[in-house]
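So you can see what is in the structure, the chains are spelled out below.
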Amino acid sequence: MASFLKTDAAILYSDAASASTSAVAAFAKRGDLLIVDESIYEPLRTGVTLSRATVKHFRHNDMDHLENILKHQAEMDSKLHRKNADRRKFIVVEGLYKHSGTLANLTKIMDLKNSLVPH
């Protein structure tokens, strides 16, 4: 697969659950902050746990709650004189929630991220 894709390496998964679990754990690490929709499905939840990052949950698809968490985190970072580069932040959602069929408001999530999480 790596040869076909012309990359140094490739990982193949037999199912989506394995990919979801390992993707979060591969990107996030201890010291990072994951802001997670409380309704993510189990494989993502397992990846969040395996990452060993700090986790804050927001109510399912509640953009006001997500905004409040992001604002509070920005205030805490400022109060602690923490630079954005000192702690990576991830917002973890599903585009289409497997168990409920609801859609994440990705446009609003990106707007909040762009306005409240410094680059």
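Residues numbered from 1 in each chain as written. Predicted model: local features only at pLDDT ≥ 70, side-chain atom pairs only at ≥ 80, totals over all residues. Heavy atoms only, no water.

Enquirer: Which residues make up the pairing of strand β2 (residues 54–58), and what values go with them?
Expert: As defined by bridge partners, strand β1 (residues 33–37) adjoins β2 across five bridges and the pair is classed as parallel. Paired with Asp37 across the bridge in β2 is Phe58. You can see the chain leave β1, run along helix α3 (residues 42–51) and come back into β2, and the turn it takes is right-handed. (Pairing = 2+ DSSP bridges. Helix = DSSP H or I, 4+ residues; strand = E, 2+ residues; numbered from the N terminus. Right-handed = clockwise from strand over helix to strand, strands pointing away.)

Enquirer: Lay out the sheet that holds β1 in plain terms, naming residues and giving numbers.
Expert: With respect to topology, three strands assemble into an open sheet ordered β2-β1-β3, the strand pairing being parallel. One side of each edge strand has no neighbouring strand; the edge strands of this open sheet are β2 and β3 (89–92). If you compare each strand with its neighbour and ignore which way they point, the axes differ by 20° on average. (Axes fitted to C-alpha atoms, helices over the stretch in contact; angles between N-to-C directions.)

Enquirer: An account of the pattern of salt bridges is needed here, citing residue identities and associated values.
Expert: Counted according to the given criterion, the structure contains six salt bridges. Arg59 is paired through a salt bridge with Asp62; the nearest N and O atoms lie 3.1 Å apart. We classify Arg59 as partly exposed; its relative accessible area is 43%. When the shortest N-O distance is used, the salt bridge between Lys89 and Asp77 registers 3.1 Å. Of the two residues, Lys89 is situated in strand β3 and Asp77 in helix α4 (residues 63–79); the sequence distance between them amounts to twelve residues. An identical accessibility class is assigned to Lys89 and Asp77; each is buried. One network of salt bridges, in which partners are shared, links Lys29, Asp32 and Arg88. (Salt bridge = Lys/Arg side-chain N within 4 Å of Asp/Glu carboxyl O. Buried < 20%, exposed > 50% of the residue type's maximum accessible area, 1.4 Å probe, protein only.)

Enquirer: How would you explain the side chain of Arg87 if you had to name every residue and give the values?
Expert: One can find Arg87 in the loop between α4 and β3. One buried charge, Arg87, has no salt-bridge partner; the nearest side chain with opposite charge is Asp77, at 4.9 Å. Ignoring anything within four residues of it in the chain, the contact list for Arg87 reads Gly31, Asp32, Leu33, Thr54, Gln73 and Arg82. (Lys, Arg positive; Asp, Glu negative; His and termini not counted. Contact = heavy atoms within 4.5 Å.)

Taken by themselves, the reported measurements are silent on function.
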